[in-house]
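Below are the chains, spelled out letter by letter.
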Amino acid sequence: MLLLAIDFDNLHQILQNLYVEMMPLCSKMTGVARGLAGLGALFYVAYRVWQALARAEPVDVFPLLRPFALGLCIMFFPTLVLGTLNSILSPVVKGTHTILESQTFDMNEYRAQKDKLEIEAMKRNPETAYLVDKETFDNRLDELGAFDAIEACGMYVDRAMYNMKRAVQNFFRELLELLFNAAALVIDTLRTFFLIVLSILGPVSFAISCWDGFQASLSQWFVRYISIYLWLPVSDLFSSVLARIQVLMLQRDIERLSDPDFIPDSSNAVYITFLIIGIIGYFTIPTVSNWIVQAGGGAGNYLKNVNQRASQAGSLAAGTAGSAVGNIAGRLIK
């Protein structure tokens with residue numbers, strides 16, 4: 001599974017590089033946005049000046065500066081808008097990713113220690129030592145005489161069944177780990193796609209906000225960009241929580257394995273359960289991000305539909321895997 005994890009890490013890095021490489025495309029939209037914003041600014045200023053003159057009131061100059069400020073943002077959109085937002089939000093991403101890396105490192109370290117202690121515990125038990133230790137297995141065969149062929153065959157069958165049990169467990173564990181990593185990749189892919197669309201068409205959104213009746217599009221663009229940008233930190237925090245839970249369970253198992261009388265259970269049932277929880281939980285990340293920065297309107301409804309469809313897919317995958325583990329693997333093992 002190390003190779004699988006490395007491959008998924010590379011895919012996440014490709015998505016990050018894709019976002020950086022697509023950012024220059026937003027400069028191609030500034031020409032159209034400048035024309036649209038200029039026309040909107042003309043009507044915006046003319047309407048308010050005419051309204052003030054018609055009422056014989058002094059012209060309030062300060063509100064008239066709004067379209068000019070938006071024009072400056074459009075002209076320097078990659079640097080002034082995107083650069084500022086990414087500079088403010090990127091420390092949050094780096095901080096949560098650092099937390100995830102530390103928890104993942106501890107989990108891998110404790111898991112290797114637990115596997116080693118499990119093998120040592122089985123070696124201490126004369127009834128199970130021959131299943132994991134080839135030398136013990138060969139010594140027991142040498143102790144058997146010519147009339148103990150049935151017992152020797154039973155030893156071969158027990159060892160084969162143990163290896164089959166481990167193979168089935170590893171298969172389902174790797175399958176769920178694949179689904180777990182795939183769920184994280186789906187969230188990251190959707191996040192990158194939404195950010196690219198918002199970044200490339202951002203100047204147009206700023207230009208439209210110069211027109212009366214569309215001023216809310218400016219605030220909605222900021223809210224949606226920040227909310228979607230926070231998907232990755234929330235995802236890292238969710239993975240960190242799962243990793244921390246597994247670290248605590250591994251620490252407890254290591255303490256129990258230190259007892260010579262403890263019989264280890266290598267079914268990995270708890271680990272598989274938390275993988276299933278993680279698969280379903282990943283698709284709640286957009287909702288949690290929406291709690292941090294409220295993104296209403298069309299984006300909220302769309303994200304709600306995405307969550308519903310993704311939750312159904314995650315529930316189906318988890319149900320299928322759980323059914324397989326409970327029915328097929330259980331019969332093969334027992």
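Residues numbered from 1 in each chain as written. Predicted model: local features only at pLDDT ≥ 70, side-chain atom pairs only at ≥ 80, totals over all residues. Heavy atoms only, no water.

A.B. asks: Honestly, the overall build of the chain in this entry has me stumped. Any pointers?
C.D. replies: When you go through the chain residue by residue, the secondary structure sums to 13 helices and zero strands. In the chain, the order of α-helices and β-strands from amino to carboxyl end is α-α-α-α-α-α-α-α-α-α-α-α-α. Counting over 334 residues, the chain shows a buried share of 38%. Residue pairs at least 24 apart in sequence account for 83% of intrachain contacts in the chain once pairs closer than 6 positions are excluded. A total accessible area of about 18,900 Å² is found for the chain, and carbon and sulfur atoms account for 66% of it. (Helix = DSSP H or I, 4+ residues; strand = E, 2+ residues; numbered from the N terminus. Buried < 20%, exposed > 50% of the residue type's maximum accessible area, 1.4 Å probe, protein only. Contact = heavy atoms within 4.5 Å. Areas by Shrake-Rupley, 256 points an atom, 1.4 Å probe, with all protein chains shown as cover.)

A.B. asks: Looking at this structure, how should I read the pattern of salt bridges?
C.D. replies: A side chain of one charge can pair with a side chain of the opposite charge when the charged atoms of the two come close. Taken as a whole and judged by the stated rule, the model has two salt bridges. Asp 212 is the salt-bridge partner of Arg 48, the closest N and O atoms lying 3.0 Å from each other. Residue Arg 48 is found in helix H2 (residues 30-54), and its partner Asp 212 is found in the loop between helix H8 (202-208) and helix H9 (216-229); the two are separated by 164 residues along the sequence. Judged by its relative accessible area of 37%, Asp 212 is partly exposed. (Salt bridge = Lys/Arg side-chain N within 4 Å of Asp/Glu carboxyl O.)

A.B. asks: What is the right way to look at helix H3 (residues 66-75) in this model?
C.D. replies: Residues lying three or four places apart along an α-helix face the same way, a consequence of the helix completing one turn every 3.6 residues. Residues of H3 that are buried include every one of Pro 67, Leu 70, Gly 71, Cys 73 and Ile 74, and no others. For H3, the angular spread of the buried residues around the axis is 160°, confining them to a single face. (Arc of directions from axis to C-beta.)

A.B. asks: What am I meant to see in the UniProt feature "transmembrane region" (unreviewed entry) in the chain here?
C.D. replies: Taking the numbering used here, the UniProt-annotated feature "transmembrane region" (unreviewed entry) corresponds to residues 31-47, 67-89, 171-187, 193-214, 226-249 and 269-293. Within the segment residues 31-47, helix and strand shares are 100% and 0% respectively, and the terminal C-alpha atoms sit 24 Å apart. Structurally, residues 171-187 is divided into 100% helix and 0% strand, and its ends, taken at the C-alpha atoms, are 25 Å apart. (UniProt positions renumbered as here; feature names shortened; annotations may be inferred.)

A.B. asks: Would you mind going over a nonpolar patch on the surface with me for this structure?
C.D. replies: The grouping of Leu 53, Val 59, Val 61, Phe 62, Leu 65 and Phe 68 at the surface amounts to a nonpolar patch, some 650 Å² of accessible area in total. Mapped onto the fold, Phe 68 is located in helix H3. (Patch = residues over 30% accessible without salt bridge, like charges linked within 9 Å, V, L, I, M, F, W, Y side chains within 5 Å.)

A.B. asks: Whenever I open this one, the nonpolar core confuses me. Can you help?
C.D. replies: A general feature of soluble globular proteins is that nonpolar side chains tend to end up buried together. If you look at the biggest cluster of nonpolar residues, it comprises 46 residues, and the most contacted ones within it are Phe 77, Val 81, Leu 82, Phe 206, Trp 221 and Tyr 225. Those elements that place two or more of their residues in this core are H2, H3, helix H4 (77-124), helix H7 (149-200), H8, H9, helix H10 (231-257) and helix H11 (269-282). At ten residues, the largest contribution of residues to this core is made by H7. (Core = buried A, V, L, I, M, F, W, Y, C linked by side-chain atoms within 4.5 Å.)

A.B. asks: Hey, could you run me through the packing of aromatic side chains in this one?
C.D. replies: Working definition: an aromatic ring pair is given by the centre-to-centre distance plus the angle between the planes. Applying the stated criterion across every chain, the model contains eleven aromatic pairs. Between the aromatic rings of Phe 193 and Phe 194, the centroid separation amounts to 5.7 Å while the plane-to-plane angle is 50°, which identifies the pairing as tilted. Note on Phe 194: relative accessible area 12%, which makes it buried. These aromatic residues form a ring-pair network of at least three members: Phe 77, Phe 206, Trp 221, Phe 222, Tyr 225 and Tyr 229. Of note, Arg 191 hangs over the ring of Tyr 229, and the distance from its end group to the ring centre comes to 4.8 Å. (Phe/Tyr/Trp six-rings, centres within 6.5 Å; stacked < 30°, edge-to-face > 60°. Lys NZ or Arg CZ within 6 Å of the ring centre and 35° of its normal.)

A.B. asks: Help me out: how do you make sense of the packing of H10 against H11 in this one?
C.D. replies: In a pair of packed helices, the angle between the axes and the distance between the axes together describe the arrangement. Where H10 contacts H11, the axes come no closer than 11 Å and their chain directions differ by 170°. Taken together, the axes of H10 and H11 are roughly antiparallel relative to one another. For the pair H10 and H11, the contacting residues are Ser 235, Phe 238, Ser 239, Leu 242, Ile 245, Gln 246 and Met 249 in the first and Val 270, Tyr 271, Phe 274, Ile 277, Gly 278, Gly 281 and Tyr 282 in the second. When its residues are assigned to classes, the contact of H10 with H11 shows nine nonpolar, five polar and no charged. (Axes fitted to C-alpha atoms, helices over the stretch in contact; angles between N-to-C directions. Parallel < 35°, antiparallel > 145°, perpendicular 65-115°, else oblique. Nonpolar A, V, L, I, M, F, W, Y, C, P; charged D, E, K, R; others polar.)

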